[in-house]
Amino acid sequence: MTMTKDDALLATMLSRRSISPRRQAWPGPSAAQLRQMVQAALRAPDHGRKLPWRLIEFDDSRRAELAQLFEDEKRRRTPDAGAQDIERARAHATQTPAMLAFVVRPVPDGKVPEHEQWLSAGAALGNLLLAAHAMGFGAIVLSGDRCKDEILRRSLGIAPEETLAGFVSIGTMASPPPPVVPVDVERVLSTWTP
Ligand SMILES: Cc1cc2nc3c(=O)[nH]c(=O)nc-3n(C[C@H](O)[C@H](O)[C@H](O)COP(=O)(O)O)c2cc1C
């Protein structure tokens, strides 16, 4: 049986996994590939076209500075952090070929409530990760306590009304992730009975 385009799309969607930074390696996406991923994110449903999210890319020349910011934040949060903790914090900034911050910025609007804008942002993030997977890359979003750190937020240019939702890492999958734990559809799908 030949696979149709739709079958292939569905298979891609059903096989998406998050790939942790330590399972990622070079090369990462080219600038053009990254732009395509962002275009896929921009195709997420967005009530009122509010664009309630944005991405900050950290290019190679900025990674050392980002690692220092992550280290500084770790030391603020955990003053007795050991060398290994510090190394882990720094590695998050440097160990993958592409690194972006995902920022949610709901726009005050009488018609489109904030929760709908959050849903749009989540859908955009999902599309971004799915596009990365469809293009053969491994990707993951990770947040953690550092996302709430005021000094880090300010250093990244995040405004008070914005939320730093997490950091997206994208690269070539170097080793496969553990098997998926399947979830029964019935946990989320029910039939209405009045
Ligand atoms: C906004 C956001 C932030 C996340 N932050 C973390 C995190 O800090 N640590 C973590 O272990 N997983 C985090 N996750 C979950 C992982 O990205 C991933 O979805 C999870 O490990 C499940 O893997 P899967 O996507 O392959 O099902 C986050 C997910 C989202 C959507």
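Asker: Looking at this structure, I do not really get the pairing of strand S5 (residues 163-173). What am I missing?
Answerer: Consecutive side chains along a regular strand alternate between the two faces of the sheet. Bridge count between strand S1 (residues 24-25) and S5: two bridges; the pairing is antiparallel. Along S5, the bridge assignment pairs Ala25 with Thr172. As paired elements, strand S3 (residues 98-104) and S5 share seven bridges and run antiparallel to each other. Within S5, the position partnered with Val103 by the bridge is Leu164. Two elements, strand S4 (residues 137-142) and S5, share six bridges in a ladder whose sense is antiparallel. By the bridge assignment for S5, Gly138 is matched with Gly171.

Asker: Where do I start with the pattern of salt bridges in this structure?
Answerer: Any two side chains of opposite charge can pair, on the condition that their charged atoms come close. Summed over all chains, the structure comprises eleven salt bridges. Glu65 is the salt-bridge partner of Arg62, the closest N and O atoms lying 3.1 Å from each other. Overall, the relative accessible area of 48% leaves Arg62 in the partly exposed class. Its relative accessible area of 45% is what places Glu65 among the partly exposed residues.

Asker: How should the nonpolar core be read in this particular structure?
Answerer: Within soluble globular proteins, side chains that are nonpolar generally end up buried alongside one another. Met37, Trp53, Phe102, Ala132, Val168 and Ile170 are the most contacted members of the largest nonpolar core, which has 20 residues in total. Going through the elements one at a time, helix H2 (31-42), S3, helix H5 (114-134), S4 and S5 are the ones with two or more residues in this core. With seven residues, H5 is the largest single contributor of residues to this core. Trp53 has contacts with Val38, Ala41, Leu42, Phe102, Val103, Val104, Arg105, Ala121 and Ala124, leaving out every residue within four places of it along the chain. Judged by nonpolar contacts, the second largest core, of 15 residues, contains Cys147, Leu152, Ile158 and Leu164.

Asker: Looking at this structure, how should I read the site of the ligand?
Answerer: The ligand sits among Arg16, Arg17, Ser18, Ile140, Val141, Leu142, Ser143, Gly144 and Ala165. Between Val141 and the ligand, the recorded distance is 2.7 Å, taken from a backbone N or O atom to an oxygen atom. Expressed as a share of its isolated accessible area of 620 Å², the protein-covered part of the ligand is 47%. Examining the composition of the shell around the ligand, we find that three residues originate from one element, S4, more than from any other. Class assignment for the residues of the shell around the ligand results in four nonpolar, three polar and two charged.

Asker: Honestly, the layout of surface pockets in this entry has me stumped. Any pointers?
Answerer: Space left empty within the atom packing is revealed by a probe, the size of a water molecule, rolled over the atoms. Estimated volume of the largest pocket: approximately 310 Å³. Forming the boundary of the largest pocket are 16 residues, of which Arg88, Ala89, His92, Leu142 and Arg146 lie nearest the centre. Looking at which element gives the most residues to the lining of the largest pocket, the answer is helix H4 (residues 83-94), with five residues. Tallied by class, residues from the lining of the largest pocket come to four nonpolar, five polar and seven charged.

Definitions and limits used
Residues numbered from 1 in each chain as written. Predicted model: local features only at pLDDT ≥ 70, side-chain atom pairs only at ≥ 80, totals over all residues. Heavy atoms only, no water. Pairing = 2+ DSSP bridges. Helix = DSSP H or I, 4+ residues; strand = E, 2+ residues; numbered from the N terminus. Salt bridge = Lys/Arg side-chain N within 4 Å of Asp/Glu carboxyl O. Buried < 20%, exposed > 50% of the residue type's maximum accessible area, 1.4 Å probe, protein only. Core = buried A, V, L, I, M, F, W, Y, C linked by side-chain atoms within 4.5 Å. Contact = heavy atoms within 4.5 Å. Near = heavy atom within 4 Å. Polar contact = N/O pair within 3.5 Å; in protein donor to acceptor, adjacent residues only side chain to side chain. Areas by Shrake-Rupley, 256 points an atom, 1.4 Å probe, with all protein chains shown as cover. Nonpolar A, V, L, I, M, F, W, Y, C, P; charged D, E, K, R; others polar. 1 Å grid on protein atoms, 1.4 Å probe; cavity = no way out; pocket = protein on both sides within 12 Å on 5 of 7 lines; lining within 4 Å. Points joined across faces, edges and corners; volume = space filled by probe spheres on them.

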